[in-house]
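# Commentary on secondary and tertiary structure
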Amino acid sequence: MQSWFLRTCVLAVATTTLAVGAVAQIRLFNTVTGEPLDMSMAMEEGRDTPAVKSFMETGVNAYNENPEALGKGEEIFLTACSGCHGHLGEGKIGPGLNDDYWTYPGNATDEGLFRTIYGGAEGQMGPQYGNLTLDEMLHVMAWVRHIYTGDPATATWFTPEQRAAFKPFPKTHPDPNG
Ligand code: HEC
């Protein structure tokens, strides 16, 4: 009886380790403090989309340059970010997001950009986990990459294929009423 109990326990522990070990998760830290991000603060909704799952495993944003995702990313940007960062990410009370200069160099990677959006930075740049789902954060990140106006060669966040195909976003809006 006792040994049966013991064996079940060993099996249970082994199975749990396997289940957790099977999918390696990236480790995310606060952009400013370096403290581990508390991912349990994320909204329930939008936690387990394929893009969120693959991001949490690889740190790569599957929505970058995905035409369907960009429309939604733009909407989110115009609701949640442009008031401080400008409609084209040109900078306002928050810094410009459409060039290759980053106060926090980590933002040149998708992992870093996610960390800043999820966990916030200094001052007015509060954590966004209460405003946006994880899936929405990936959408808005793709839009931030899309409005880049600089040299594609320095857009290190893109894959080589994305960089080769990338056309910098116009610095002025094509539609003056838009
Ligand atoms: C209430 C104003 C405000 C809102 C809303 C806001 N930000 Fe910010 N953001 C700031 C400020 C101010 C900073 C500078 C903070 C710092 O330097 O620590 C900043 C910094 C950043 C940075 C770091 C830039 C760098 O150069 O490293 C990123 C990335 C960023 N914001 C993205 C976003 C995104 C995406 C959204 C929308 C989801 C957003 N912010 C919403 C004010 C805002």
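Here is what the cut-offs are and how they apply
Residues numbered from 1 in each chain as written. Predicted model: local features only at pLDDT ≥ 70, side-chain atom pairs only at ≥ 80, totals over all residues. Helix = DSSP H or I, 4+ residues; strand = E, 2+ residues; numbered from the N terminus. Buried ≥ 20, exposed ≤ 12 C-beta atoms within 10 Å, placed from the backbone. Contact = placed C-beta atoms within 7 Å. Axes fitted to C-alpha atoms, helices over the stretch in contact; angles between N-to-C directions. Parallel < 35°, antiparallel > 145°, perpendicular 65-115°, else oblique. Nonpolar A, V, L, I, M, F, W, Y, C, P; charged D, E, K, R; others polar. Near = placed C-beta within 6 Å. Left-handed = near helix turned anticlockwise from the far one by under 90°. UniProt positions renumbered as here; feature names shortened; annotations may be inferred.

The helix and strand tally for the chain stands at seven helices and zero strands. In sequence order, the chain lays out its α and β elements as α-α-α-α-α-α-α. Here the chain holds 178 residues, and 25% of them are scored as buried. Partitioning the contacts of the chain with sequence separation of at least 6, the portion at a separation of at least 24 is 62%.

For the pair helix α2 (residues 50–58) and helix α6 (residues 134–146), interaxial distance at closest approach is 9 Å and the crossing angle is 80 degrees. Judged by the inter-axis angle, α2 sits roughly perpendicular to α6. Contact residues: α2 offers Ala51, Val52 and Phe55, while α6 offers Leu134, Asp135 and Leu138. Of the residues assigned to the contact of α2 with α6, the class counts are five nonpolar, no polar and one charged.

Surveying the vicinity of the ligand reveals 24 residues, the closest of which are Cys81, Cys84, Gly94, Ala121 and Glu122. Only α4 (82–85), α5 (110–119) and α6 provide two or more residues apiece to the shell around the ligand. A breakdown of the residues in the shell around the ligand according to their chemical character gives 14 nonpolar, nine polar and one charged.

The next subject is the packing of α5 against α6. Contact geometry for α5 and α6: axes closest at 10 Å, N-to-C directions at 120 degrees. If you check the angle between α5 and α6, you find them oblique. Handedness of the α5/α6 crossing: right-handed. Across from Asp110, Leu113, Phe114, Ile117 and Tyr118 in α5, the residues of α6 making contact are Met137, Met141 and Val144. Split by residue class, the contact of α5 with α6 holds seven nonpolar, no polar and one charged.

Turning next to the UniProt feature "binding site: heme c" (unreviewed entry) in the chain. According to UniProt, the positions carrying the feature "binding site: heme c" (unreviewed entry) are Cys81, Cys84 and His85. Mapped onto the secondary structure, Cys81 falls in the loop between α3 (67–80) and α4. Assignment of secondary structure puts His85 in helix α4. With 22 C-beta atoms packed within 10 Å, His85 lands in the buried category. Once you skip the residues sitting within four places of it in the chain, His85 turns out to touch Gly91, Lys92, Gly94 and Leu97.

For the rest of this paragraph, the subject is unusual backbone geometry. Unlike most non-glycine residues, Glu65 shows phi in positive territory, near 60 degrees. When you line up the elements, Glu65 lands in the loop between α2 and α3.

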